[in-house]
Amino acid sequence: MLGATDTHNDAVGIGVAPVTALAPVEWRAGATFISYTQALAVMEARAAAVAEDRSAELVWLVEHPPLYTAGTSADASDLLEARFPVHRTGRGGQFTYHGPGQRVVYLMLDLKRRRPDVRRFVATVEEWMIRTLAHFDLRGERRAGRVGVWVQRPDKGEGCEDKIAAIGIRLKRWVSLHGASLNIDPDLSHFSGIVPCGVADARYGVTSLRDLGRGVSMPEVDAILKREFEPLFGPAEWIAGEPPELTDARSGAAGDRNNGRAPVTS
């Protein structure tokens, strides 16, 4: 078991490295597109195992096929056109889009053995995204009343800003589920079917690393995400392959199809 140096910064309210001895966080990257229902099943299973001290914490990096998710605060009027499947989910937040070219980061971390402070955890996830963007010479910023990470767009007009990273968290027994999404090179037109995160002001849009002139690959971004993760959250270790829970999730989905039932979205 490894302990992490506690890098909490109380002056700015960030940092949730372990305060008790924990094994390194498993760090896994998906090799194929993962359906949202399968991802949710993996998260639920791993979070339960973490809460019961049966499994290590997990950071799981995935890509989804095009889809929309609706958080607990989602307003039905913000779904402008259901261009893609819509999944209701227990995470915080409103409508968002996931799809190819976007790195979705699912976090199953035990806040009981870190800090049971939801606001601090969300601020630390934001800080993680900001530090990652800084590596690519981009200044990500927080905005009061607008969760996520934003970049100023003076090229679009006075006061214009675009969101580049979205954050939505759920806690069960003080273990986190869901996490963050960082736009690397998604089709930004896919966001037009929703009011992203409920922000309808025309000055505020969405952007990506590619849109901002940073032509970087997914593996490059993954490497920086891991590098910037550890000072804030503690040690992590690359593990090859998908989470073992994914095999069970895929078997369950196949069983539903064999019984003539469509998987239930949540």
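The written sequence of each chain sets the order in which its residues are numbered from 1. With the structure being a predicted model, the display of local features is reserved for residues of pLDDT at least 70 and the display and counting of side-chain atom pairs for 80 or more, all residues being used for whole-chain, interface and lining totals. By convention in this description, side-chain values take in all heavy atoms of the structure and omit both hydrogens and water.

Section: the pattern of salt bridges
One speaks of a salt bridge when a side-chain nitrogen belonging to Lys or Arg is within 4 Å of a carboxyl oxygen belonging to Asp or Glu. Going through the model one piece at a time under the given rule, you end up with 28 salt bridges. When the shortest N-O distance is used, the salt bridge between Asp110 and Arg113 registers 2.8 Å. Judged by relative accessible area, Arg113 falls into the partly exposed class, the value being 22%. Here Asp185 ties to Arg210 by a salt bridge, and the two come within 3.6 Å at their closest N and O atoms. Of this pair, Asp185 sits in the loop between strand E10 (175-183) and strand E11 (204-206) while Arg210 is found in the loop between E11 and helix H3 (218-233), placing the two residues 25 residues apart along the sequence. Residues participating in the shared-partner salt-bridge network are Arg139, Glu141, Arg143, Arg146 and Glu161. The buried label goes to any residue with under 20% of its type's maximum accessible area, the exposed label to any with over 50%, and the partly exposed label to all in between, with areas taken from a 1.4 Å probe on protein chains only. Helix and strand labels come from DSSP, where a helix needs a run of H or I of at least four residues and a strand needs a run of E of at least two; each type is numbered from the N terminus.

Notes on the packing of aromatic side chains
Aromatic rings from Phe, Tyr and Trp, taking only the six-membered ring of Trp, are treated as a pair when their centres fall within 6.5 Å; an angle between ring planes under 30 degrees marks them as stacked, one over 60 as edge-to-face, and anything in between as tilted. Applying the stated rule across the entire model yields 13 aromatic pairs. A centroid spacing of 5.9 Å and a plane angle of 45° characterise the contact between Phe84 and Tyr97, whose relative ring orientation is tilted. Taken together, the residues Phe84 in the loop between strand E3 (67-70) and strand E4 (86-88) and Tyr97 in strand E5 (residues 95-98) connect sequence positions 13 residues apart. Pair check on accessibility: Phe84 and Tyr97 agree, each one buried. An aromatic cluster is present here, built from Trp27, Phe121, Trp128, Phe229, Phe233 and Trp238 joined pairwise through their rings. Sitting above the plane of the Trp150 ring, Arg146 keeps its charged end 4.5 Å from the centroid. Sitting over a ring, as applied to charges here, requires NZ of Lys or CZ of Arg to be within 6 Å of the ring centre and within 35 degrees of the ring normal. Its guanidinium or amino end placed over the ring of Tyr204, Arg146 lies 3.8 Å from that ring's centre, counting from NZ or CZ.

A short note on the environment of Ile194
Locating Ile194 in the fold gives a position in the loop between E10 and E11. Linking Ile194 and Phe95, residues 99 residues apart in sequence, is a C-alpha distance of 6.7 Å. Contacts are assigned to residue pairs that have any heavy atoms within 4.5 Å of one another. Ignoring anything within four residues of it in the chain, the contact list for Ile194 reads Tyr68, Asp78, Leu79, Leu80, Phe95, Thr96 and Tyr97.

Notes on the sheet that holds E5
One bridge is not enough; two strands pair if DSSP finds at least two bridges between them. Reading across from one edge, E4-E3-E5 is the order of the three strands in this open sheet, with mixed pairing throughout. Single-partner strands in this sheet number two, and they are E4 and E5. Across this sheet, the average inter-strand angle for adjacent strands is 25°, counted without regard to direction. As paired elements, E3 and E5 share four bridges and run antiparallel to each other. Residue Leu67 lies in a different strand from E5, and its bridge partner there is His98. For helices, the fitted line uses only the C-alpha atoms of the stretch in contact; every axis is such a line through C-alpha atoms, and the angle between N-to-C directions lies from 0 to 180 degrees.

Observations regarding empty space enclosed by the protein
Picture a little ball the size of a water molecule; that probe, rolled over the atoms, points out where space is still empty. Both site types are read off a 1 Å grid over the protein atoms alone. A 1.4 Å probe that fits but cannot get out defines a cavity, while an open set with protein on both sides within 12 Å along at least five of seven lines defines a pocket; lining residues have an atom within 4 Å of a point. Grid points are joined across faces, edges and corners, and a volume is the space filled by probe spheres set on the points. For the structure on display, the rule yields two cavities of 30 Å³ or more. The volume enclosed by the largest cavity comes to roughly 70 Å³. Lining the largest cavity we find Thr96, Gln102, Lys163, Ile164, Ala165, Ala166, Ser181, Asn183, Phe191, Pro196, Cys197 and Val206. Broken down by secondary-structure element, the contributors of at least two residues to the lining of the largest cavity are strand E9 (161-172) and E10. Three classes are used: nonpolar for Ala, Val, Leu, Ile, Met, Phe, Trp, Tyr, Cys and Pro, charged for Asp, Glu, Lys and Arg, and polar for all others, with Gly counted as polar. Along the lines of polarity and charge, the residues of the lining of the largest cavity split into seven nonpolar, four polar and one charged. Taken as a whole, the second largest cavity holds about 30 Å³ of empty space.

Things to note about the confidence of the model for the chain
In this model, the chain carries a mean pLDDT of 89, and residues with pLDDT of at least 70 account for 90%. On a range of 0 to 100, pLDDT expresses the predictor's confidence in each residue. In this model, residues 1-7 is a region of pLDDT below 50 whose contacts with residues beyond four sequence positions or in other chains number 20 contacts. pLDDT under 50 marks residues 255-266. Its contacts with residues more than four places away, or in other chains, come to 12 contacts.

Notes on the layout of surface pockets
The calculated volume of the largest pocket comes to roughly 430 Å³. Taken together, 27 residues line the largest pocket, and the ones lying closest to its centre are Gly92, Gly93, Val147, Ile167 and Gly168. Elements with a contribution of two residues or more to the lining of the largest pocket: E5, strand E6 (102-108), strand E8 (146-152), E9 and E10. Ranked by residues supplied to the lining of the largest pocket, first place goes to E9 with five residues. Its residues placed into classes, the lining of the largest pocket shows 13 nonpolar, 11 polar and three charged. Within this model, the second largest pocket holds a volume of roughly 160 Å³. Taken together, 13 residues line the second largest pocket, and the ones lying closest to its centre are Pro196, Val199, Tyr204, Gly205 and Val206. No other element matches E11, which puts three residues into the lining of the second largest pocket.

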